[in-house]
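Commentary on secondary and tertiary structure
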Amino acid sequence: MSSGSVPAVAAADAAAGHPSSVAADSRSGWLDTIFTGDCVAALERLPKASVDAIFADPPYNLQLEGALMRPDQSKVDAVDDDWDKFASFEAYDAFTRAWLLACRRVLKPNGTIWVIGSYHNIFRVGTILQDLGYWTLNDIVWRKSNPMPNFRGKRFTNAHETMIWASRSREVRNYTFNYEAMKAFNDDLQMRSDWLLPICTGGERLKNGEGDKLHPTQKPEALLYRVLLSSTNPGDVVLDPFTGTGTTAAVARRLGRHFVGVERDPAYAEAARARVAAVEPAPSEGLVLQRPKRAEPRIPFGALLEAGLLAPGTVLTDARGRHRAIVRADATLESDGVVASIHRMGAIAQGLDACNGWTFWHAHVDGELQAIDVLRTIVRREIAAAS
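My aim in this report is to walk through the structure given alongside it, one point at a time.

Procedures and definitions
- Residues numbered from 1 in each chain as written.
- Predicted model: local features only at pLDDT ≥ 70, side-chain atom pairs only at ≥ 80, totals over all residues.
- Heavy atoms only, no water.
- Buried < 20%, exposed > 50% of the residue type's maximum accessible area, 1.4 Å probe, protein only.
- Helix = DSSP H or I, 4+ residues; strand = E, 2+ residues; numbered from the N terminus.
- Pairing = 2+ DSSP bridges.
- Phe/Tyr/Trp six-rings, centres within 6.5 Å; stacked < 30°, edge-to-face > 60°.
- Lys NZ or Arg CZ within 6 Å of the ring centre and 35° of its normal.
- Axes fitted to C-alpha atoms, helices over the stretch in contact; angles between N-to-C directions.
- Contact = heavy atoms within 4.5 Å.
- Parallel < 35°, antiparallel > 145°, perpendicular 65-115°, else oblique.
- Left-handed = near helix turned anticlockwise from the far one by under 90°.
- Nonpolar A, V, L, I, M, F, W, Y, C, P; charged D, E, K, R; others polar.
- Core = buried A, V, L, I, M, F, W, Y, C linked by side-chain atoms within 4.5 Å.
- Expected span 1.5 Å × (residues − 1).
- Arc of directions from axis to C-beta.

1. Observations regarding the pairing of strand 6 (residues 194–197)
Of the two faces of strand 6, only one is covered, namely that formed by Trp-195 and Leu-197; the face formed by Asp-194 and Leu-196 stays uncovered. Of the strand pairs in this sheet, strand 4 (residues 135–144) and strand 6 are connected by four bridges, and their pairing is parallel. When the sheet's bridge partners are listed, Trp-142 is paired in strand 6 with Trp-195.

2. Some thoughts on the packing of aromatic side chains
Applying the stated criterion to the full structure yields eleven aromatic pairs. An angle of 45° between the planes, with centres 6.2 Å apart, marks the rings of Trp-114 and Trp-195 as tilted. Here Trp-114 is found in strand 3 (residues 107–117), whereas its partner Trp-195 is found in strand 6, with 81 residues between them in sequence. Cluster of aromatic residues (ring-pair linked, three or more members): Trp-114, Trp-165, Tyr-175, Phe-177, Tyr-179 and Trp-195. The ring of Tyr-134 is capped by Arg-104, whose NZ or CZ atom sits 5.0 Å from the centre of that ring. In this structure, Lys-144 packs its charged tip against the face of Trp-142, placed 5.1 Å from the ring centre.

3. Topic: the sheet that holds strand 6
One key point about sheets: their strands pair by backbone hydrogen bonds, in either a parallel or an antiparallel sense. Spatial strand order, 1-8-7-2-3-5-4-6: eight strands in an open sheet with mixed pairing. The outermost strands of the open sheet, each flanked by one partner alone, are strand 1 (33–36) and strand 6. Each strand of the sheet is rotated relative to its neighbour by a mean of 20°, with strand direction disregarded. Docked against the sheet, helix 3 (residues 89–106) engages strand 2 (51–56), strand 3 and strand 7 (237–240), running at close to 150° with respect to strand 3. Helix-sheet contacts for helix 4 (residues 122–131) involve strand 3, strand 4 and strand 5 (160–167), and the interaxial angle to strand 3 is about 165°.

4. Some thoughts on the packing of helix 6 (residues 221–231) against helix 7 (residues 247–254)
Running from amino to carboxyl end, helix 6 crosses helix 7 at an angle of 55°, the nearest separation of the two axes being 9 Å. Between helix 6 and helix 7, the angle falls in the class oblique. The interaxial crossing formed by helix 6 with helix 7 has right-handed handedness. Facing Glu-221, Leu-224, Tyr-225 and Leu-228 of helix 6, the residues of helix 7 in contact are Thr-247, Thr-248, Ala-250, Val-251, Ala-252 and Arg-254. Here the contact of helix 6 with helix 7 is composed, by residue class, of six nonpolar, two polar and two charged.

5. Some thoughts on the environment of Gly-117
Counting through the fold element by element, Gly-117 comes out in strand 3. What makes Gly-117 buried here is its relative accessible area of 0%. Spatially, the C-alpha atoms of Gly-117 and Asn-61 are 9.6 Å apart, while their sequence positions differ by 56 residues. Excluding its chain neighbours within four sequence positions, the residues that come into contact with Gly-117 are Tyr-60, Ile-122, Glu-161 and Thr-162.

6. Section: the pairing of strand 14 (residues 368–371)
The pairing of strand 13 (residues 362–365) with strand 14 spans four bridges and is antiparallel. Pairing of His-362 across the sheet is with Ala-371, part of strand 14. Counting the residues that bridge the hairpin from strand 13 to strand 14 gives two residues, and of these Asp-366 lies at a positive phi of roughly 55°.

7. Focus on the nonpolar core
Ranked by internal contacts, the top residues of the largest apolar core, which has 32 residues, are Trp-99, Ile-113 and Tyr-134. Of all the secondary-structure elements, those providing two or more residues to this core are helix 2 (39–43), strand 2, helix 3, strand 3, helix 4, strand 5, strand 7 and strand 8 (258–263). Sort the elements by how many residues they give to this core and helix 3 lands first, with six residues. With residues near it in sequence (within four places) discarded, Trp-99 still touches Cys-39, Val-40, Ala-56, Pro-58, Ile-113, Val-115 and Phe-242. Judged by nonpolar contacts, the second largest core, of 28 residues, contains Trp-195, Leu-223, Phe-259 and Leu-287.

8. Quick look at helix 12 (residues 373–386)
Spanning 14 residues, helix 12 covers 20 Å between terminal C-alpha atoms, matching the ideal 20 Å at 1.5 Å per step. By the burial criterion, the buried members of helix 12 are Asp-373, Leu-375, Arg-376, Val-379 and Arg-380. End-on, the buried residues of helix 12 take up no more than an arc of 155°, which puts them together on one face. Exposed residues on helix 12 whose side chains face more than 90 degrees from its buried face are Arg-381 and Ala-385. Looking at the buried side of helix 12, the elements it contacts are helix 9 (302–306), helix 11 (357–360), strand 13 and strand 14.

9. Things to note about the packing of helix 3 against helix 4
Orientation of helix 3 relative to helix 4, taken along the N-to-C sense of each, is 45°, at an axis distance of 10 Å. The orientation of helix 3 with respect to helix 4, classified from their angle, is oblique. Crossing of helix 3 against helix 4: the hand is right-handed. Of helix 4, the residues touching helix 3 (which contributes Phe-89, Tyr-92, Asp-93, Thr-96, Arg-97 and Leu-100) are Arg-124, Val-125, Ile-128 and Leu-129. Partitioned by chemical class, the residues of the contact of helix 3 with helix 4 number six nonpolar, one polar and three charged.

Set out below in structure tokens:
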């Protein structure tokens, strides 16, 4: 994504009564754009199968009854906007089905969708997702480190929200999940499905002219950072059909992803555009993700001999020195008269059916006993540099 500011709102669109937009890529007319209008109608302007990922933060249909007061009788700034009010569960279900169908049309076959909600709506959304053919991959619990207290004392404190992550269908296998990147992000531990993050506060919270929060449910950028880092790649197109103040678009721009947003409230949309325009994208060299080993080029064991990293006659051992084998010129190993590949020989040594010889067999590298996988990495780097 190019750096610099996003152009101003297209006055011609507004004057003509069309959804107003701001576009950084005039060649497409919709890429890196925030539309003002109804999400279902706006998504009809997008080409079929044109977005890689969707993050949707729809109205929760909170069904609030009366004002919510603190113990000191001050009023809580709760979500009581008209956009969160529906006449019935049936009306909310019809609304949900309509926007999920519109999203399904523009989602690429290998794309994924994230939907966030609370206990008020997420179970209804999940049912409709499944009814429409989406396939649930995970449900992520966003555990809030600083949730709003339960002032009435009649229920547990609502300290979490749920995100459903789903592929377009059960048959999809090549969806994006940056497992290695998320593991590295989490100090070399598998990223779990419960994320402890604070709600949006402080300088990140957008304010109106009176100094009050502009949007009641603005999501923290940290949440979207994890979502996009885990399930998209630089250059991907991310859609947010309920843009609000533009958190998804801002994080997408910062991480080198393209964005498309839709917001029906003109004030929110204007604030989102200004927010995104102020974002400076990260340099491309900082956006490279750790790749899974299965995505790297296959290196045969013989390449280590060709590169001079190992020589015929070298003795390999396991990490504890209990098993030994001699490297032969044809890249096989010999041990006690048995000749086999590095993988088969490792399995024979342990009495197993299979073995990863790259991690089982060790050699002295720079005076230290290391797995021969280290030498394979050297060959891969040389190939990458040459290409």
